[in-house]
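# A closer look at the structure
Residue strings, one per chain:
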Amino acid sequence: MSKQSALIASLPTELWLGGIATPASNGARFDVLDPATGDVLSSVADASPEDAVAALDRAVAVQASWAATPARERGEILRRAFELLHSRADDFALLMTLEMGKSLQESHGEVKYGGEFLRWFSEEAVRIGGRFTQAPAGNGRILATKAPVGPVLAITPWNFPLAMGTRKIGPALAAGCTVIVKPAEDTPLTMLLLGQVFADAGLPEGVLSILPTSDAAGVSGPLMEDPRLRKVTFTGSTGVGKLLVRASAERLLRTSMELGGNAPFIVFDDADIDAAVDGAMLAKMRNGGEACTAANRLYVANSVREEFTQKLTARIAALKVGPGVTPGTDIGPLINSKQLATVTALVEDAVAKGARVRTGGQAPGGVGFFFTPTVIDEVPNTANLLRDEIFGPVAAVIGFDTEDEAIAAANDTQYGLVSYFYTRDLDRAMRVSSALDTGMVGVNRGAISDAAAPFGGVKESGFGREGGSEGIDEYLETKYIALQ
Ligand code: NAD
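Because the structure is a prediction, the values reported are computed rather than measured.

The rules behind each value
- Residues numbered from 1 in each chain as written.
- Predicted model: local features only at pLDDT ≥ 70, side-chain atom pairs only at ≥ 80, totals over all residues.
- Heavy atoms only, no water.
- Pairing = 2+ DSSP bridges.
- Helix = DSSP H or I, 4+ residues; strand = E, 2+ residues; numbered from the N terminus.
- Near = heavy atom within 4 Å.
- Polar contact = N/O pair within 3.5 Å; in protein donor to acceptor, adjacent residues only side chain to side chain.
- Areas by Shrake-Rupley, 256 points an atom, 1.4 Å probe, with all protein chains shown as cover.
- Nonpolar A, V, L, I, M, F, W, Y, C, P; charged D, E, K, R; others polar.
- Domains from an automatic or database assignment.
- Contact = heavy atoms within 4.5 Å.
- Buried area = accessible area lost by both parts, 1.4 Å probe.
- Salt bridge = Lys/Arg side-chain N within 4 Å of Asp/Glu carboxyl O.

Moving on to the pairing of strand 3 (residues 29-33). Two faces belong to every sheet, and in a regular strand the side chains alternate between them. Inspection of the sheet shows strand 3 paired to strand 4 (residues 40-45) by five bridges, in the antiparallel sense. Residue pairing in the sheet places Arg-29 in a bridge with Ala-45 of strand 4. What sits between strand 3 and strand 4 in their antiparallel hairpin is a turn of six residues, with Gly-38 showing a positive phi close to 80°.

Put into structure tokens, the structure is as follows:
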């Protein structure tokens, strides 16, 4: 049996109901595809609304005891989960490549990145503070304490099947919250395997449930209507985020929203062009372009535009496209046929409106959901891809003349997740960093994600922060105790 078949045969595929593998109450299952071939990889139990309520029953039953578990013990469970995840790094990496499509090298990168949230929050669990002051009037004392929010629903996307989960599970468990995870339907297997890691790490039963489902709204709806659920944390598209915020208003649920991006990547005329090309490769091609942080619009000073575009085109044209499991692959397939159609339509629209293809430009055809890595330049302002997330390996280059012009173009979007720019001028670096209207800014860097940093957006990219010392606050309430 090949390594791949052995792994697939050994995977947990039932619902993870409070730590116990359980078939869906109605017996339903759905298929998970390999995007490199379009073939069925496996099938998983398909949670129903009743299963969701059963998961919440279990979370509620242990919420108080989990919150009362010493922070050191919660931290040590997270630390053991971090170590166990790394001891199974090869399995996790292969599994992510199989169900999501990214190259094995990128999947190993995600194991490292995703694991860091378990390690970081294992360390943060014991640093949940509070505040004590005298009332200014001298008539009492003010004690501000922190308490876990309570049972959390975490809804995650397919593009980082592990890390988008650990970014939520890590801080929630550290804070003392129980968690129900609803992974993306395209990539539920990685999260189910993580459930087993947590069980092996000693997480008590009931604290964590994982509910794959083909009916996301059907499963999240009854949970969000249930007064026992206290928080929804979501990573995904802005459209679905808005639906969830509307639904959360009914019960004024706490929410965190990590939504879509439309990142500008600016190369000023004083930039180190080779460094900017390296940064653009990371910012654009990491995860095959299927990242909320992906550089969607490359604004390049006209005086250096041709040099930059030629160098970028040479690098992108040299990328090896193929199944993620094939050694040497740089760019795997897109996640599904719908995403392939979206990327194709965005490129066709830009070209029809006057953009020039420097390399790539279309899907190669054949099996799997591949799109050839592409550079287009002279992209007109009317092109849809300047407004919509491309979510694919397509670099769109636009020229500019002045700094003000670049900043205005960069901010001309409803999104505000991240922006990047390259310059060797320190004054400019400070000036432009504060002028860019995004939650995060990369200066002379094409990758900004770090478990120790507060990740999150402004405007329609959402609110709340994941990672850093801020990340745990999303799962804590402040309680004021007035002492005589
Ligand atoms: P999506 O919004 O389609 O799905 C995300 C999750 O929401 C999935 O689990 C899906 O099943 C679930 N969902 C869909 N409809 C729902 C509904 N009506 N009710 C409840 N749940 C529902 O997004 P996607 O295509 O999986 O992911 C790509 C998007 O995620 C992109 O927009 C990307 O920018 C964004 N993203 C953002 C971040 C960030 O941190 N800001 C990180 C990664 C991805």
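Below, the discussion takes up the site of the ligand. Taken together, the neighbourhood of the ligand is formed by 30 residues, with Thr-156, Lys-182, Glu-185, Ser-237 and Glu-389 sitting nearest. A distance of 2.9 Å separates an oxygen atom of the ligand from a polar atom in the side chain of Trp-158. Between Arg-167 and the ligand, the recorded distance is 2.8 Å, taken from a side-chain N or O atom to an oxygen atom. Contact with the protein chains covers 87% of the free accessible surface of the ligand, which is 850 Å². Elements with a minimum of two residues in the shell around the ligand: helix 6 (163-175), helix 8 (216-225), strand 10 (231-235) and helix 9 (238-249). Residues that form the shell around the ligand fall into these classes: 17 nonpolar, eight polar and five charged. Counting residues domain by domain, the shell around the ligand receives three or more from each of domain 1 (3-260 + 461-483) and domain 2 (263-414 + 418-450).

The next subject is the domain arrangement of the protein. Taken domain by domain, the protein holds domain 1 (3-260 + 461-483) and domain 2 (263-414 + 418-450). Domain 1 and domain 2 are separated by 31 Å when their C-alpha centres are compared. Contacts between domain 1 and domain 2 engage 25 residues on the former and 27 residues on the latter. The contact between domain 1 and domain 2 buries some 2,000 Å² in all, and 59% of this surface belongs to carbon and sulfur atoms. Among the residues domain 1 hides against domain 2, the three largest losses belong to Pro-35, Ala-36 and Trp-158. Together they make up 24% of the total. Where domain 1 packs against domain 2, one counts zero salt bridges. Where domain 1 touches domain 2, the interface holds seven residue pairs in polar contact (both at pLDDT 80 or more). Listing elements by their share of the side of domain 1 that touches domain 2, those giving two or more residues are helix 4 (89-100) and helix 5 (104-124). Per element, the largest residue contribution to the side of domain 1 that touches domain 2 is five residues, and it comes from helix 4. Residue classes in the side of domain 1 that touches domain 2 are distributed as 10 nonpolar, 10 polar and five charged.

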